[in-house]
Amino acid sequence: MDVTEQTFDDDVVSRSSSTPVVVDFWAAWCGPCRTLTPILEQEIDAHGGAVVLAKVDVDANPGLAARFGVSGIPAVKAFRDGRVVAEFVGARSPASVRSWLEDVLAPPRADTLVEELRESGELPDVVVALDEGDVERALELILEAVPIADQAGRERLREVAVALFDRLGHDDPTVAGYRRRLASALY
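These notes cover the structure that comes with them.

Definitions and limits used
- Residues numbered from 1 in each chain as written.
- Predicted model: local features only at pLDDT ≥ 70, side-chain atom pairs only at ≥ 80, totals over all residues.
- Heavy atoms only, no water.
- Helix = DSSP H or I, 4+ residues; strand = E, 2+ residues; numbered from the N terminus.
- Buried < 20%, exposed > 50% of the residue type's maximum accessible area, 1.4 Å probe, protein only.
- Contact = heavy atoms within 4.5 Å.
- Areas by Shrake-Rupley, 256 points an atom, 1.4 Å probe, with all protein chains shown as cover.
- Lys, Arg positive; Asp, Glu negative; His and termini not counted.
- Charge placed at Lys NZ, Arg CZ, Asp CG, Glu CD.
- Phe/Tyr/Trp six-rings, centres within 6.5 Å; stacked < 30°, edge-to-face > 60°.
- Pairing = 2+ DSSP bridges.
- Axes fitted to C-alpha atoms, helices over the stretch in contact; angles between N-to-C directions.
- Expected span 1.5 Å × (residues − 1).
- Right-handed = clockwise from strand over helix to strand, strands pointing away.
- Disulfide = S-S within 2.5 Å.

Topic: the overall build of the protein chain
Assigned secondary structure in the protein chain consists of nine helices and four strands. By principal-axis analysis of the C-alpha atoms, the protein chain measures approximately 60 × 30 × 30 Å. Sorting the 187 residues of the protein chain into buried and exposed places 40% on the buried side. Put simply, of all contacts in the protein chain between residues at least 6 apart along the chain, 66% involve residues at least 24 apart. Accessible surface, the protein chain as shown: approximately 9,600 Å² in total, 51% of it carbon and sulfur. The average position of the 19 basic charges and that of the 33 acidic charges among the side chains of the protein chain differ by 4 Å.

Some thoughts on the packing of aromatic side chains
Counted by the stated rule, this structure contains five aromatic pairs. Relative to Phe-79, the ring of Phe-8 lies with its centre 5.7 Å away and its plane at 75 degrees, an arrangement referred to as edge-to-face. Taken together, the residues Phe-8 in helix 1 (residues 8–14) and Phe-79 in strand 3 (residues 75–80) connect sequence positions 71 residues apart. Exposure remark for Phe-79: the relative accessible area of 1% places this residue in the buried category.

Quick look at the sheet that holds strand 2 (residues 52–57)
Overall, mixed pairing links the four strands, which are arranged 2-1-3-4 in an open sheet. The open sheet has two free edges, formed respectively by strand 2 and strand 4 (83–89), since each of these has just one partner strand. Put simply, the sheet's adjacent strands are angled 20 degrees from each other on average, direction ignored. As judged from the six bridges shared by strand 1 (residues 21–26) and strand 2, these two strands associate in the parallel manner. Bridge pairing in strand 2 places Trp-26 opposite Asp-57. Against the sheet, helix 2 (residues 31–45) makes contact with strand 1, strand 2, strand 3 and strand 4, and its axis sits at roughly 160 degrees relative to strand 2, the strand it touches most.

A word on helix 4 (residues 94–105)
For helix 4, which comprises twelve residues, the first-to-last C-alpha distance of 16 Å matches the rise-based estimate of 16 Å (1.5 Å per residue) to within 8%. Its buried side turned inward, helix 4 meets strand 1, helix 2, strand 3 and strand 4.

Let's talk about the pairing of strand 1
By the criterion of burial, strand 1 is predominantly enclosed, with five of the six residues buried. Considered for its hand, the β-α-β crossover made up of strand 1, helix 2 and strand 2 is right-handed. Where strand 1 lies against strand 3, five bridges are found, and the strand directions are antiparallel. Each residue of the ladder has a partner; that of Val-22, found in strand 3, is Ala-78.

Side note on the state of the cysteines
Within this structure, the stated rule accounts for one disulfide. Here Cys-30 is linked by a disulfide to Cys-33, with a sulfur-sulfur distance of 2.4 Å. Handedness here is read from the sign of the S-S torsion; for Cys-30 and Cys-33, about 80 degrees, the answer is right-handed. Like Cys-30, the residue Cys-33 is buried in the burial classification.

Rendered as structure tokens:
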């Protein structure tokens, strides 16, 4: 679908809460864009509706290009839960686009880690906090556990915290504070 500055928030940002949306920032005069677009269309079609393709003409929608920091095209950005979760710039081969899409469609690392923790019985209080939707409490519990953990435990705590940071998004104000505190606790 073609999206504009007027339709972007509904067609991409809102829609990405239920289905990942891949946005192709392009222009008619761009040769690599004309090469990449059919590859994107083919690879996205192959996923049978698990992901949606939106196209933004940067010449007609310069505000969107500026909003998302597009300085070279083709620029491709994947949105989940209203934010960019993966991106690349330039033409790519079908195999490279396929691999990138598989990464985009894979369950978030935080989700798989929580399941691992649940199955192993590790960090049960962290799992409870996450089940209750209290990510800040989970991060507090992780920070409290760092000083008493052995090296392997510290690495596991770091892995879980980083996955939670990724889930929240790097521009979330919570992330910056906890990232600093985690670094101080670990090092």
